[in-house]
Amino acid sequence: MGSMGRFDFRGLKEFQKSLEKLQESYDGFMEACARELAARLLAKVVERTPVGVPPKDIDDNRKTTVEVTGARGKKRKFLSREAEIYQRYWTHYKGGTLRRGWTIGEIRKEGGLYTIEVINAVEYASYVEYGHRQEPGRYVPALGKRLKNGWAKGKFIMTMSAQELERAAPEILEQKMKRFLEEHMR
């Protein structure tokens, strides 16, 4: 019977070692992917989150102070109604609470599924996201106006950001996987 010839198995053993190394670092890779997607989502959400802005100062046409003469002829100056409302509600206002409220939670592995949450713990976040009812005609001192609509529309901050990321995720993950395989299959 003829001989089959010689075959060098060193390359095959090196390939097997590369596959074992790849298997060991798979969990770390998946966590890194989840973290990157969460970070990208967080960046989109923070950028899209509206920041409250105090209303512009009282118009120049309106008087900010009112001068009143007392019974004894003494003159005193008081803030006008508009100026008082502005000062009471907006003097120490610092916007951005909702924007600063976004955080990334912990990574959880459940079977073969890795999950990570992007959270906003500010109590009114869901109202800004999805909208809310309001009472038309009710006077809001902070705005100095009466409400006109029965429904305040939502901004859909998280919804639109998640949809954008879902469209971009395959390409992001493909590039990350390509780098991961190149690194481990040398």
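Keep in mind the model is a prediction, meaning the values are calculated, not measured.

What counts, and at which threshold
Residues numbered from 1 in each chain as written. Predicted model: local features only at pLDDT ≥ 70, side-chain atom pairs only at ≥ 80, totals over all residues. Heavy atoms only, no water. Helix = DSSP H or I, 4+ residues; strand = E, 2+ residues; numbered from the N terminus. Rg over C-alpha atoms; globule rule 2.2 N^0.38 Å. Buried < 20%, exposed > 50% of the residue type's maximum accessible area, 1.4 Å probe, protein only. 1 Å grid on protein atoms, 1.4 Å probe; cavity = no way out; pocket = protein on both sides within 12 Å on 5 of 7 lines; lining within 4 Å. Points joined across faces, edges and corners; volume = space filled by probe spheres on them. Nonpolar A, V, L, I, M, F, W, Y, C, P; charged D, E, K, R; others polar. pLDDT = per-residue confidence, 0-100. Pairing = 2+ DSSP bridges. Expected span 1.5 Å × (residues − 1). Contact = heavy atoms within 4.5 Å. Polar contact = N/O pair within 3.5 Å; in protein donor to acceptor, adjacent residues only side chain to side chain. Phe/Tyr/Trp six-rings, centres within 6.5 Å; stacked < 30°, edge-to-face > 60°. Axes fitted to C-alpha atoms, helices over the stretch in contact; angles between N-to-C directions. Parallel < 35°, antiparallel > 145°, perpendicular 65-115°, else oblique. Left-handed = near helix turned anticlockwise from the far one by under 90°.

K.L.:
Hey, could you run me through the overall build of the protein in this one?
P.N.:
Within the protein, the regular secondary structure consists of 6 helices and 10 strands. Scaling as 2.2 N^0.38, a compact globule of 186 residues should have a C-alpha radius of gyration of about 16 Å, whereas the protein reaches 31 Å, well beyond that. Each principal axis of the C-alpha distribution contributes one length, and for the protein these read about 130 × 30 × 25 Å. For the protein, the proportion of its 186 residues judged to be buried stands at 22%.

K.L.:
What should I look at first to understand the layout of surface pockets in this one?
P.N.:
Any space left empty among the atoms is revealed by the rolling of a water-sized probe across them. One number sums up the size of the second largest pocket: a volume of about 330 Å³. If you go around the second largest pocket, you meet 15 residues; those closest to its centre are C33, A34, L37, Y114 and I116. Looking at the lining of the second largest pocket, the elements that each hand over two or more residues are α2 (26-48), β5 (113-115) and α6 (157-184). For the lining of the second largest pocket, the element with the highest residue contribution is α2, accounting for 7 residues. Grouping the amino acids of the lining of the second largest pocket by side-chain chemistry returns 13 nonpolar, 1 polar and 1 charged.

K.L.:
Just checking my understanding: could you explain the confidence of the model for the protein for this structure?
P.N.:
Any region with low pLDDT has predicted coordinates that should not be read closely. On average, the protein scores 86 in pLDDT, and the residues at 70 or more come to 91%. Here helix α1 (residues 10-24) is the element of the protein with the lowest mean pLDDT, 77, and strand β3 (residues 102-104) is the one with the highest, 97.

K.L.:
What is the right way to read the pairing of strand β2 (residues 75-79) from this model?
P.N.:
A regular strand places its side chains on the two faces of the sheet in alternate fashion. For β2, the buried fraction is low: 0 of the 5 residues fall into the buried class. Counting the residues in the hairpin turn of strand β1 (residues 65-69) and β2 gives 5 residues, including G73, whose phi is positive at 90°.

K.L.:
Explanation requested: α2 in the structure shown.
P.N.:
Each α-helix winds once per 3.6 residues, and so residues spaced three or four apart point in a common direction. With 23 residues, α2 should reach 33 Å at 1.5 Å per residue; the first-to-last C-alpha distance of 33 Å fits that figure. Taken together, the buried positions of α2 are F29, C33, A34, L37, A38, L41 and V45. The inward-facing, buried residues of α2 abut β3, β6 (118-120) and α6.

K.L.:
Is there a simple way to think about the side chain of S161 in this case?
P.N.:
For S161, the position within the fold is in helix α6. For S161, a relative accessible area of 0% puts it in the buried group. Among the polar contacts made by the side chain of S161, one reaches the main-chain carbonyl oxygen of I157 at a distance of 2.8 Å. The contacts of S161, once residues within four sequence positions are left out, are L41, K44, V45 and R48.

K.L.:
How should the packing of aromatic side chains be read in this particular structure?
P.N.:
Each aromatic ring pair is specified by the distance between its two centres and by the angle formed by the two planes. All chains considered together, the criterion is met by 2 aromatic pairs. Taken together, a centroid distance of 4.2 Å and an interplanar angle of 20° make the contact between F29 and F180 stacked. Note that F29 is positioned in helix α2 and F180 in helix α6, a separation of 151 residues in sequence. In terms of burial, F29 and F180 fall into one category: buried. Ring geometry for Y130 versus F156: centroids 6.4 Å apart, planes at 75°, classification edge-to-face. With a gap of 26 residues between them, Y130 in helix α5 (residues 125-130) and F156 in the loop between β10 (151-153) and α6 connect regions that are remote in the sequence.

K.L.:
Can you walk me through the packing of α1 against α6 in this structure?
P.N.:
Helix packing geometry: the angle between the two helix axes and the distance between the axes. Taken N-terminus to C-terminus, the directions of α1 and α6 make an angle of 135°; their axes are 9 Å apart at the nearest point. Relative to α6, α1 is oriented oblique. For the pair α1 and α6, the crossing hand works out as right-handed. Between α1 and α6, the residues in contact are S18, K21 and L22 and F180, L181 and H184, respectively. Residues that form the contact of α1 with α6 fall into these classes: 3 nonpolar, 2 polar and 1 charged.

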